[in-house]
Amino acid sequence: MIKIEIDNIYNLDCIEGMKFIPDSFVDLIITDPPFAIDFKAKKENYNRKSERVIEGYNEIPKQLYYDFTIQWMSQAFRVLKETGSMFVFSGWNNLKDILNAIDALGFITVNHIIWKYQFGVVTKRKFVTSHYHCLYVCKNEKKRKFFPYARFTPDAKDNDGTSLHYKDKEDVWFIKREYWAGSVKTPTKLPAELITKILLYTSEKGDIVLDPFLGSGQVALVAKSLERHYIGFEIVKEYYEFAAKRLNENNYKIKDFKNFEEDNSKSMINLFKLLDVG
Ligand SMILES: C[S@@+](CC[C@H](N)C(=O)[O-])C[C@H]1O[C@@H](n2cnc3c(N)ncnc32)[C@H](O)[C@@H]1O
């Protein structure tokens, strides 16, 4: 029996770990599960050197993906409060398994968001993928939290007179990926700006935010910086240790993880100044 504590992360298979979270305990789930696309952590592409990418990454065979999704998502359903929401990121390849699991488990789909990032991997014989899907779902449509003016007041406008509030609430989000040149990284990570947007619209200070698939720990880190509580799981030891170090030391970027040298000693208060998002 493991006692799951808030503001803690665990080096566990989330399907096992979530069993120790009480029913209706979590306010918000933001997660980016493996996509079952035979992903390799060290694979290089034209704009990324692999030497600072931490090895590991637990991928799921395609034929097991639906069952895997049902297993983690049924735990997610159980631990989520009636007032809560869940955001699940997915590539297009196995999106149908995610959508079918959402329906099969009784989640209600609120929005199907498209996250468009600046550019994808160049392809010769097909179009370049430069988006992810993000499924915004809940258990109770009437009770879920949503704060429509969390980021812009109703009358805020840009220089062209377009409503910033309206623009921000469209379901296509253009947010740049973060490139961490010179810092240690895990192979995929959600930009802090994306997580911030979700947190501000659908949670309050003091809420409990869960990420069953932590990777580098981005969701927990940004939740902490916005005064939310966090719980998370990561099955790969090195990724877990990387996320734990970032959280324990309030350190967004780390130059040399193996030698435990500090990139800087800035606190989370300065988190957003450290981001290289445009
Ligand atoms: C797409 S990545 C998440 C990236 C993360 N959102 C970030 O911003 O860094 C998925 C992560 O889930 C982990 N993972 C795969 N299966 C898992 C399981 N059963 N339990 C916990 N973590 C798992 C992988 O090792 C990988 O780090």
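Computed from a predicted structure; not experimentally measured. (Residues numbered from 1 in each chain as written. Predicted model: local features only at pLDDT ≥ 70, side-chain atom pairs only at ≥ 80, totals over all residues.)

**Q** Run through helix H7 (residues 237-248), naming residues and quoting values.
**A** End to end, H7 covers 16 Å across 12 residues, agreeing with the expected 16 Å (1.5 Å per residue, within 8%). Among the residues of H7, Tyr239, Tyr240, Phe242, Ala243, Arg246 and Leu247 are the ones counted as buried. Seen along its axis, H7 keeps its buried residues to an arc of 160°; they face one direction. Turned more than 90 degrees away from the buried face of H7, the exposed residues are Lys237 and Asn248. Elements that come into contact with the buried residues of H7 comprise strand S1 (8-10) and helix H6 (218-225). (Helix = DSSP H or I, 4+ residues; strand = E, 2+ residues; numbered from the N terminus. Expected span 1.5 Å × (residues − 1). Buried ≥ 20, exposed ≤ 12 C-beta atoms within 10 Å, placed from the backbone. Arc of directions from axis to C-beta. Contact = placed C-beta atoms within 7 Å.)

**Q** Describe in detail the site of the ligand, supporting the description with residues and values.
**A** In the region of the ligand, 23 residues are neighbours, and Lys189, Phe213, Gly215, Ser216 and Gln218 sit closest. Here the shell around the ligand is built from residues that sort into 12 nonpolar, seven polar and four charged. (Near = placed C-beta within 6 Å. Nonpolar A, V, L, I, M, F, W, Y, C, P; charged D, E, K, R; others polar.)

**Q** Report on unusual backbone geometry, specifying residues and quantitative values.
**A** One non-glycine residue, Glu227, adopts positive backbone phi at about 65°. Tracing the sequence through the fold places Glu227 in the loop between H6 and strand S8 (229-233). Not every positive phi belongs to a glycine, and Asn250 is a case in point at roughly 50°. If you trace the backbone, Asn250 turns up in the loop between H7 and helix H8 (271-274).

**Q** Please give an account of the environment of Ile29 that cites residues and values.
**A** Its location among the elements puts Ile29 in strand S2 (residues 26-31). The buried category is assigned to Ile29, around which 24 C-beta atoms lie within 10 Å. Residues Ile29 and Val88, spaced 59 residues apart in sequence, show a C-alpha to C-alpha distance of 8.0 Å. Every residue in contact with Ile29, bar those within four places of it in the chain, is listed here: Ala76, Leu80, Met86 and Leu210.

**Q** Describe in detail the nonpolar core, supporting the description with residues and values.
**A** By size, the foremost hydrophobic cluster in this structure holds 53 residues, and its most contacted members are Ile195 and Ala220. For this core, the element with the most residues is strand S5 (residues 131-138), which contributes six residues. For Ile195, the residues in contact, after removing those within four places along its chain, are Ile30, Leu190, Gln218, Val219 and Val222. (Core = buried A, V, L, I, M, F, W, Y, C linked by C-beta atoms within 7 Å.)

**Q** Report on the pairing of S2, specifying residues and quantitative values.
**A** Moving residue by residue along a regular strand, the side chains alternate between the two faces of the sheet. By the criterion of burial, S2 is predominantly enclosed, with six of the six residues buried. Taken together, the five bridges between S2 and strand S3 (residues 80-90) define a ladder with parallel strand orientation. Residue Leu28 lies in a different strand from S3, and its bridge partner there is Ser85. By the bridge criterion, two bridges tie S2 to strand S7 (residues 208-211) in an arrangement that is parallel. (Pairing = 2+ DSSP bridges.)

**Q** I'd love a proper account of the packing of H6 against H7, names of residues and values included.
**A** Remark: H6 packs on H7, axes separated minimally by 9 Å, with the N-to-C direction vectors making an angle of 10°. Classified by the angle between their axes, H6 and H7 sit roughly parallel to one another. The residues of H7 that touch H6, namely those facing Ala220, Leu221 and Lys224, are Ala243, Arg246 and Leu247. For the contact of H6 with H7, the class distribution of residues is four nonpolar, no polar and two charged. (Axes fitted to C-alpha atoms, helices over the stretch in contact; angles between N-to-C directions. Parallel < 35°, antiparallel > 145°, perpendicular 65-115°, else oblique.)

**Q** Explain the pairing of strand S4 (residues 108-116) to me, using residue names and the numbers behind them.
**A** Examined bridge by bridge, S4 and S5 share eight bridges and lie antiparallel to one another. Within S5, the position partnered with His112 by the bridge is Leu135.

**Q** Describe the packing of helix H5 (residues 192-202) against H6, with residues and values.
**A** One can describe the packing of H5 onto H6 by two numbers: an axis separation of 9 Å at closest approach and a directional angle of 55°. If you check the angle between H5 and H6, you find them oblique. For the element pair H5 and H6, the recorded crossing hand is right-handed. Where H5 abuts H6, its residues Ala192, Ile195, Thr196 and Leu199 lie against Gln218, Val219, Val222 and Ala223. Its residues placed into classes, the contact of H5 with H6 shows six nonpolar, two polar and no charged. (Left-handed = near helix turned anticlockwise from the far one by under 90°.)

**Q** Quick rundown of the sheet that holds S7? Include the residues and the values.
**A** Adjacent strands of a sheet form backbone hydrogen bonds with each other and so pair up, either parallel or antiparallel. With mixed pairing, the eight strands of this open sheet are ordered in space as S1-S8-S7-S2-S3-S5-S4-S6. Where the open sheet ends on each side, the last strands, each with one partner, are S1 and strand S6 (172-174). The average angle at which neighbouring strand axes cross in this sheet is 20°, direction not considered. Against the sheet, helix H2 (residues 65-79) makes contact with S2, S3 and S7, and its axis sits at roughly 150° relative to S3, the strand it touches most. Contacts between H5 and the sheet are confined to S2, S3 and S4, with S2 contributing the most and set at about 155° to the helix.

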